[in-house]
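Survey of secondary and tertiary structure
Read off the chains here:
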Amino acid sequence: VQLVESGGGLVQPGGSLRLSCAASGFTFSWYAMSWYRQAPGKERELVAAISSAGGSTNYADSMKGRFTISRDNAKNTVYLQMNSLKPEDTAVYYCNTNPPWRTYWGQGTQVTVSS
């Protein structure tokens, strides 16, 4: 199983970024996917999650209305659209999935929100 994130970078406050996570090595369409983030000195936290078919999503309270998680099962890819970014959104963002046999994480992509 591989999860490869991309799309991070430096953005000004109020800006937008779209993260992607390309998955391989398992039947992507069978499993829910999530995005987590970890800021320096803080614990990893859930950002958003999406069901296997994409019909159900949930978000951490601080991301509601600003972030959107989506997936394309034909491309084995999950996305995180981030709008109205704030300096406190600065973190490494990780893709995650939890099939029955174990939990998988990507290597992470750095998002820095700064002027």
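Further up the page is the structure itself.
Basis of the calculations
- Residues numbered from 1 in each chain as written.
- Predicted model: local features only at pLDDT ≥ 70, side-chain atom pairs only at ≥ 80, totals over all residues.
- Heavy atoms only, no water.
- Salt bridge = Lys/Arg side-chain N within 4 Å of Asp/Glu carboxyl O.
- Buried < 20%, exposed > 50% of the residue type's maximum accessible area, 1.4 Å probe, protein only.
- Helix = DSSP H or I, 4+ residues; strand = E, 2+ residues; numbered from the N terminus.
- Pairing = 2+ DSSP bridges.
- Disulfide = S-S within 2.5 Å.
- Core = buried A, V, L, I, M, F, W, Y, C linked by side-chain atoms within 4.5 Å.
- Contact = heavy atoms within 4.5 Å.

**Focus: the pattern of salt bridges**
This model, assessed by the stated rule, comprises 4 salt bridges. One salt bridge in this structure joins glutamate 45 and arginine 37, with 2.7 Å as the shortest N-O distance. Judged by relative accessible area, glutamate 45 falls into the partly exposed class, the value being 34%. Note that aspartate 89 is salt-bridged to arginine 37, the shortest N-O span being 2.9 Å. Linking aspartate 89 in the loop between β8 (77-82) and β9 (91-97) with arginine 37 in strand β4 (residues 33-38), this pair joins segments that are 52 residues apart in sequence. We classify aspartate 89 as buried; its relative accessible area is 0%. Residues joined in a network through salt bridges with shared partners are Arg37, Glu45, Arg66 and Asp89.

**Here we look at the pairing of β4**
Bridge count between β4 and strand β5 (residues 45-50): 5 bridges; the pairing is antiparallel. Directly across from tryptophan 35, in β5, lies its bridge partner alanine 48. Taking the residues between adjacent antiparallel strands as the criterion, β4 and β5 are bridged by 6 residues, where glycine 41 takes a positive phi near 75 degrees. Across 6 bridges, the pairing between β4 and β9 is antiparallel. The residue bridging arginine 37 from the neighbouring strand is tyrosine 93, located in β9.

**Some words on the state of the cysteines**
Here, the word disulfide means a covalent bond between the sulfur atoms of two cysteines. Scanning the entire structure with this criterion turns up 1 disulfide. There is a disulfide in this structure between cysteine 21 and cysteine 95, and the S-S distance comes to 2.1 Å. Torsion about the S-S bond of the cysteine 21 and cysteine 95 cystine: about -85 degrees, corresponding to left-handed handedness. Of this pair, cysteine 21 sits in strand β3 (residues 17-24) while cysteine 95 sits in strand β9; the two residues are 74 residues apart in sequence, bridging distant segments of the chain. Assessed through its relative accessible area of 0%, cysteine 21 is described here as buried.

**Quick look at the nonpolar core**
Among the nonpolar cores identified, the biggest contains 30 residues, and Trp35, Val78, Leu80, Met82 and Tyr93 are the most heavily contacted of them. Residue contributions to this core peak at 4 residues, all from β3. Apart from residues lying up to four places away in sequence, valine 78 is in contact with Leu19, Ser20, Cys21, Phe28, Met33, Trp35, Ile50, Ile69, Ser70, Arg71 and Cys95.

**Some points on unusual backbone geometry**
The phi dihedral of asparagine 76 is positive, around 50 degrees, even though this residue is not glycine. Positionally, asparagine 76 belongs in the loop between β7 (67-72) and β8. You can call asparagine 76 partly exposed: its relative accessible area is 27%. Of note in the backbone geometry, serine 84 takes a positive phi value of approximately 50 degrees without being a glycine.

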